[in-house]
Amino acid sequence: MNTHLSARTLDVVRAFTLPHKFCALLCISLAFFTYAIQPRAEIPSTSFYSNFGDLAFKDQHSQPFKIANLNHKITLFNFIYTQCSAVCPVQTKALAEILEGLPNNIKSRVVFVSVSLDPWNDTPTKLKAFAHRMHAEANNWAFITGNPADIVTVTERLKLFGTDPKKLKQVVRPDDHTTHLWLVDAQGRLMMRYIGNPIDKARIAQDIAQLNTM
């Protein structure tokens, strides 16, 4: 059996194949172009999450933490650093008690986020160890850190070191930060900012329960 194709046959094959290869390449190019120009989902500027939206974070498991994953969740933020020996441990343990005491139907809609203000020291490993010491190892509790520039951006947006221009010009330390907690509803709206020292556990639990009914 002659397995060699004649020159005419090869011409026919080429004439059939080349346009199809060109068509395939064109389709791939058009698909990529369509993906590139389609609008990306953005966090509304009115959302509390816009304070974090263009920044990068990692959680205590060294996994990327996406603020967009908090959509449709009731979220409580606090700001800590693992070498703190005063407010941060007390506040974190109190939050652990609040989260543990929530009914299961509410707890499933809630996320706690603790943001480190000491990115130079607080690696994901150290944040995980801190969470363990504080009995704060719930699946719906993220301890996050980021590069120093991104953490500074968050502190400036939320004025975590106050608003006094003279103090802001000085070198700030993690223990200079405010102890506020921030409660955000399922639509990303800031609903309450609490004084975190002392922490009112009953009030926070009640507010979370109320948001669950909205």
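Residues numbered from 1 in each chain as written. Predicted model: local features only at pLDDT ≥ 70, side-chain atom pairs only at ≥ 80, totals over all residues. Heavy atoms only, no water.

(A) A look at helix H4 (residues 124-133). Among all positions of H4, only Pro124, Leu127, Phe130 and Ala131 are buried. Buried residues of H4, viewed axially, fall in a sector of 120°; they line one side. Looking at the packing, one finds that the buried side of H4 touches strand E3 (74-80), helix H2 (87-101), strand E4 (110-116) and strand E5 (141-144). One or two positions beyond H4, positive phi appears at His135, with a value near 55°. (Buried < 20%, exposed > 50% of the residue type's maximum accessible area, 1.4 Å probe, protein only. Helix = DSSP H or I, 4+ residues; strand = E, 2+ residues; numbered from the N terminus. Arc of directions from axis to C-beta. Contact = heavy atoms within 4.5 Å.)

(B) View of the confidence of the model for the protein. Mean pLDDT for the protein: 80, with 71% of residues reaching 70 or above. Of the regions scoring below 50 in pLDDT, residues 7-13 engages in one contact with residues more than four places distant in sequence or in other chains. Across residues 164-171 the pLDDT falls below 50, and counting only partners more than four positions away or on other chains, this stretch makes five contacts in the model. (pLDDT = per-residue confidence, 0-100.)

(C) Expanded view of the packing of H2 against helix H7 (residues 201-212). Their axes nearest at 10 Å, the elements H2 and H7 cross at an angle of 45°. Comparing their axes, H7 and H2 come out oblique. Crossing of H2 over H7 shows right-handed handedness. Along its contact with H2, which presents Ala94, Glu97 and Ile98, the element H7 presents Lys201, Ile204, Ala205 and Ile208. (Axes fitted to C-alpha atoms, helices over the stretch in contact; angles between N-to-C directions. Parallel < 35°, antiparallel > 145°, perpendicular 65-115°, else oblique. Left-handed = near helix turned anticlockwise from the far one by under 90°.)

(D) Region of the structure containing the pairing of E3. In terms of burial, E3 is largely enclosed, as seven of its seven residues are buried. Residue alternation in E3 divides its side chains into two sets, Ile74, Leu76, Asn78 and Ile80 and Thr75, Phe77 and Phe79, and both sets are buried. Across seven bridges, E3 lies against E4 in parallel orientation. Considered in E4, the bridge of Phe79 is made with Val115. Sheet topology places E3 next to strand E6 (residues 181-184); three bridges connect them, and they run antiparallel. (Pairing = 2+ DSSP bridges.)

(E) Spotlight on the nonpolar core. Ranked by internal contacts, the top residues of the largest apolar core, which has 29 residues, are Leu76, Leu95, Val110, Phe112, Trp141, Phe143 and Ile208. Broken down by secondary-structure element, the contributors of at least two residues to this core are E3, H2, E4, H4, E5, E6 and H7. Looking at this core, the element that brings in the most residues is H2, giving six residues. Beyond its immediate sequence surroundings of up to four residues, Phe112 is in contact with Leu76, Leu95, Ile98, Leu99, Asn140, Trp141, Ala142 and Ile208. By size, the runner-up hydrophobic cluster in this structure holds 22 residues, among which are Phe48, Ile67, Phe77 and Val113. (Core = buried A, V, L, I, M, F, W, Y, C linked by side-chain atoms within 4.5 Å.)

(F) Layout of the sheet that holds E3. With mixed pairing, five strands are arranged side by side in an open sheet as E5-E4-E3-E6-E7. Since the sheet does not close on itself, it has two edges, and those belong to E5 and strand E7 (190-194), each with one partner. In this sheet, neighbouring strand axes are inclined to one another by 20° on average, regardless of whether the strands run parallel or antiparallel. Together, E3, E4 and E5 form the strand contacts of H4, whose direction differs from that of E5 by roughly 140°.

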